[in-house]
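# Remarks on the overall topology
So the chains spell out like this:
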Amino acid sequence: MTNSFDEIEDADCIFIIGSNTSVGHPLIATRVYRAKAKGAKLIVVDPREIQMARFADIYARQTLGTDVALLNGMMNVIYRNGWHDKKFVEERTENFDAFVEMIEKFPPERASEISGISVDDIVKMAEYYAKAKAASIIYCMGITQHTTGVDNVKTLANLSMLCGHIGRPSTGVNPLRGQNNVQGACDMGGLPNVYPGYQAVNVPDIQAKFEKAWNATLSPKVGLTIMEMMDGLLDGRVKGLVIMGENPMVSDPDIHHVKHALEAAEFLMVIDIFPTPTTELAHLVLPAASFAEKDGTFSNSERRVQRVRKAIEPVGEARYDWQIIQDISNRLGYPMNFQSAEEIFNEMASVTPAYAGISYPRLEGDGLAWPCPTPDHPGTPYLHKDKFSRGLGLFSAIDYRAPAEVPDDEYPFWLTTGRAYVHYHTGTMTRRSAHLEKEMPEAIVELHPDDAEELQIAEGERIEVSSRRGTITIRAMVTDRIGKGVVFIPFHFAETAANVLTNAALDPIAKIPEYKVCAVKLAKAA
Amino acid sequence: MDYQSVLTTCTYCGCGCGLYLEVLDGRITHTLPSKTSPVNEGKLCVKGWYIHEFIQHPNRLTTPLMRQDGALKETSWESALDYAASELKRIKEANGPDAIAFLTSAKCTNEDNYLLQKLARAAIGTNNVDHCARL
Ligand code: SF4
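Residues numbered from 1 in each chain as written. Chains lettered and ligands numbered in written order. Predicted model: local features only at pLDDT ≥ 70, side-chain atom pairs only at ≥ 80, totals over all residues. Heavy atoms only, no water.

Helix and strand counts for chain B come out as four helices and seven strands. Secondary structure of chain B in N-to-C order comes out as β-β-β-α-α-β-β-α-β-α-β. Here chain B has a C-alpha radius of gyration of 20 Å; the compact-globule value for 135 residues is 14 Å, and the former is much larger. Considering only C-alpha atoms, chain B reaches an extent of 55 × 30 × 25 Å along its principal axes. Every one of the 135 residues in chain B was classed for burial, and the buried ones make up 64%. Restricting to contacts in chain B with at least 6 residues of sequence separation, those with at least 24 account for 31%. (Helix = DSSP H or I, 4+ residues; strand = E, 2+ residues; numbered from the N terminus. Rg over C-alpha atoms; globule rule 2.2 N^0.38 Å. Buried < 20%, exposed > 50% of the residue type's maximum accessible area, 1.4 Å probe, protein only. Contact = heavy atoms within 4.5 Å.)

Listed below in structure tokens is the structure:
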């Protein structure tokens, strides 16, 4: 996130798109309610009429995968009416002319036609957002899990720059991270192109710095992304895969493809706390300590680094993940000799400028938001204050592209996926919690009453949902929360995995699969 | 009777709520929200309130498991770690470091993640490191 959670409360306009905030991030939803109570305008755009929509000044349901067209339409309205922040655009940004040329192609009538949202609503949303003193955008996977994910994010950045709603308190473009430590996993270099702290692996000076710090020869070649790893296992380029605390057999799109890939591995090692469909395929499964059994840190969505503290001993023979890694490293002839999580943190901070000023003693209390470059630095609650990290903010001219798969005669329904309020990710943990599992013991597919009537499907009936990639049998929930012609399935359930159906088509740059859009057909179960 | 209450951070979503795990004689019995946490200010969502329920669930993996004759069988840490190292070494020697890939975790700590990518880059010699956050 560019800004902190608390700042959301003081925004006078909040624009939520592609985030089921009250379900995915309940404590951030609290901030939105408070802002609303203070008089902020709330705009919610989502294919489902989620709980947040009930509090919204404007709720609009977009056709799946049309965010770029909708946002370009809003910006067209803002620009033509002169509601944009001319001073900000002039002083802080570049490439404005090319951008304007693009949004001119999206008069609200055209944006409306593509997105299914009325011209009136588009104009009103544009006006609320542009005329606010401090407007904050909140988004989540509903924006990124598309073949146009990067386009969507850049278009939101365009909107915030156009109106000067960035680099000040209570503004910004704020992605909510799906999992607790996604931020930290990325910060720590869990990416094929960067070392910890987003330092590129293919820049010679940086490579040299890490070679010295780690006393090793390092590769300048950018590595494979997760989807490329799967393809690599199938075509034989990749032979061994080490997975720590992840369950791609439920979380990845097109599970059948993932299964074939994992089965092709010569050596698959999984470190985890529970058996999962992924551990079932492994050659070696190593039991790890859970978060309650270890010391360490997590970095939350607002970049706040916070302590994790050991409450009990690891269960059974489980060990800390770092201990397991260290023991393997020593056997490989690359010595590691850490005595505690804190020692690892200190080494990490010494090679990661954004974390350089952070240490365990400083994390007592409220934690610290990075960048925090020195031991006396107070941390950074909001980014891009006086300038963007690249200098001037870059406007991008972004055209609308349709999703990779759209409904047709054979597969006439749109499918979108997401979360349910009691469960988390692949359900490995929440589904073992008695209270949570009782609330929602099985998956459901939401469909609109008109569609249910036409197909003669009753509430609670088991139906078959099929895509070009597979079929699942699942209980129907008839609700007008979802639009006509669209169905929704939460993805937490291994036995009725939504990702049997989803499309593995990737965003060309971020390599994120299009979980949020594919085409399916429905039939009564045999 | 030994009672402790340990302040830590929720492992579910990216809010990162502060919570206390209540530990009675080595078992976690309840969860309480931290009132002073700037994130959750004394509140938790339903997942957080019941977070203690999964931690000591009987299904937890408690011993290393190695595949033998098609099935996963219990084994000792020594032989599990030896096996892991010998397989990684074998593949690296036969096919080069880029034939091995690593998935770090959005659920593990920063320290765990740092060390796994260091293993990949410094000990194996590949940048084939990613995680499931794209997902
Ligand atoms: S308690 Fe709920 S809102 Fe807070 S971090 Fe945990 S899952 Fe997220």
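Back to the text.
Attention now moves to the domain arrangement of chain A. All names here are of chain A. You can read the domains of chain A as domain 1 (6–176), domain 2 (182–221 + 288–369) and domain 3 (413–524). Computed from C-alpha coordinates alone, the two centres of domain 1 and domain 3 are separated by 27 Å. Counting residues at the interface gives 19 residues for domain 1 and 25 residues for domain 3. On inspection of domain 1 and its partner domain 3, the count reaches one salt bridge. A salt bridge links arginine 48 to glutamate 446, with the shortest nitrogen-to-oxygen separation between them at 2.7 Å. Here domain 1 and domain 3 share four residue pairs in polar contact (both at pLDDT 80 or more) between them. Residue contributions to the side of domain 1 that touches domain 3 peak at three residues, all from helix α9 (residues 141–144). Partitioned by chemical class, the residues of the side of domain 1 that touches domain 3 number five nonpolar, 11 polar and three charged. (Domains from an automatic or database assignment. Salt bridge = Lys/Arg side-chain N within 4 Å of Asp/Glu carboxyl O. Polar contact = N/O pair within 3.5 Å; in protein donor to acceptor, adjacent residues only side chain to side chain. Nonpolar A, V, L, I, M, F, W, Y, C, P; charged D, E, K, R; others polar.)

Residue and element names in this part refer to chain A. With parallel pairing, five strands are arranged side by side in an open sheet as β3-β2-β1-β5-β6. Each of the sheet's edge strands pairs with one partner strand only, and the pair in question is β3 (58–60) and β6 (173–175). This sheet shows a mean twist of 15° between the axes of neighbouring strands, independent of strand direction. Note: strand β2 (residues 41–45) against β3, three bridges, orientation parallel. Across the sheet, the residue bridging to isoleucine 43 is isoleucine 58, located in β3. Each of β1 (13–17), β2, β3 and β5 (135–139) touches helix α8 (residues 119–131); the most contacted strand, β3, lies at about 130° to it. (Pairing = 2+ DSSP bridges. Axes fitted to C-alpha atoms, helices over the stretch in contact; angles between N-to-C directions.)

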